[in-house]
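Secondary and tertiary structure notes
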Amino acid sequence: EHISPEEFIKQDFLKGIGIFGHRSLYVATYDEKVVGTLTFYPGASYTKLTVPTLFTMMSMFKFKQYIKQLKKLYTLNHLFLRPSKDALYIANGYIDPDFRKPGVFSGLITQAEDYALKRGIKKIECDINSNNLNSYKVHLFLGFKLVSEQTYEGNTPLLSHIRRLSLNLNED
């Protein structure tokens, strides 16, 4: 049985405690409609959040499928850097295309900045796919700086090149 990525993320979201759990998801609304989301968490929590996500995988896949998925993750592992323990990590973000100009994303980033500063975290990190030039430009506009680039030589063109970006937070 094939499990879609959407179904997997939905299950992790509903549990609330994994990498994609609702406790890490922040939303922007307009006229009671969700127009943007940002998933972020302290980098120091990465391992703690990974374990429930692995349990979500185990509960959704039969043993052979679970092993196959773990092998896929291992293959892509070098492409993604672990979040720094001293940073807030943005794992995912999405803005409705009709709301990309009016500042929805910058509002969510401000929410992430506030979250970080309240916890003594002085930087925010994220990974951007090099194919997503608009996202890269927006992050640079908001003050993020390029930290590193990772290249993947496998057969997953969607993930061919990842840029790690960082935003240093200064309390005024």
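Report on the accompanying structure. (Residues numbered from 1 in each chain as written. Predicted model: local features only at pLDDT ≥ 70, side-chain atom pairs only at ≥ 80, totals over all residues. Heavy atoms only, no water.)

1. Overview of the sheet that holds strand β3 (residues 88–95)
- Spatial ordering of the open sheet is given by β1-β2-β3-β4-β6-β5, a layout of six strands whose pairing is mixed. The sheet is open, and its two borders are formed by β1 (25–30) and β5 (145–151), each paired with just one other strand. On average, each strand axis in the sheet is tilted by 25° relative to the strand beside it, whichever way the strands run.
- Bridge count between β1 and strand β2 (residues 33–42): six bridges; the pairing is antiparallel. When the sheet's bridge partners are listed, Tyr-30 is paired in β2 with Lys-33. (Pairing = 2+ DSSP bridges. Helix = DSSP H or I, 4+ residues; strand = E, 2+ residues; numbered from the N terminus. Axes fitted to C-alpha atoms, helices over the stretch in contact; angles between N-to-C directions.)

2. Quick notes on the pairing of β3
- Two elements, β2 and β3, share seven bridges in a ladder whose sense is antiparallel. If you follow Tyr-41 over to β3, its bridge partner there is Tyr-89.
- Pairing geometry for β3 and strand β4 (residues 123–129), over three bridges, is parallel. Its bridge partner lying in β4, Tyr-89 is registered against Glu-125.

3. Comments concerning the nonpolar core
- Grouped together as the largest cluster of nonpolar side chains are 25 residues, with contacts concentrated most on Leu-38, Phe-40, Leu-88, Ile-90, Ile-124 and Phe-144.
- Elements with a contribution of two residues or more to this core: β1, β2, β3, α4 (104–118), β4 and β6 (161–168).
- Ranked by residue count, the leading element in this core is α4, at seven residues. (Core = buried A, V, L, I, M, F, W, Y, C linked by side-chain atoms within 4.5 Å. Buried < 20%, exposed > 50% of the residue type's maximum accessible area, 1.4 Å probe, protein only.)

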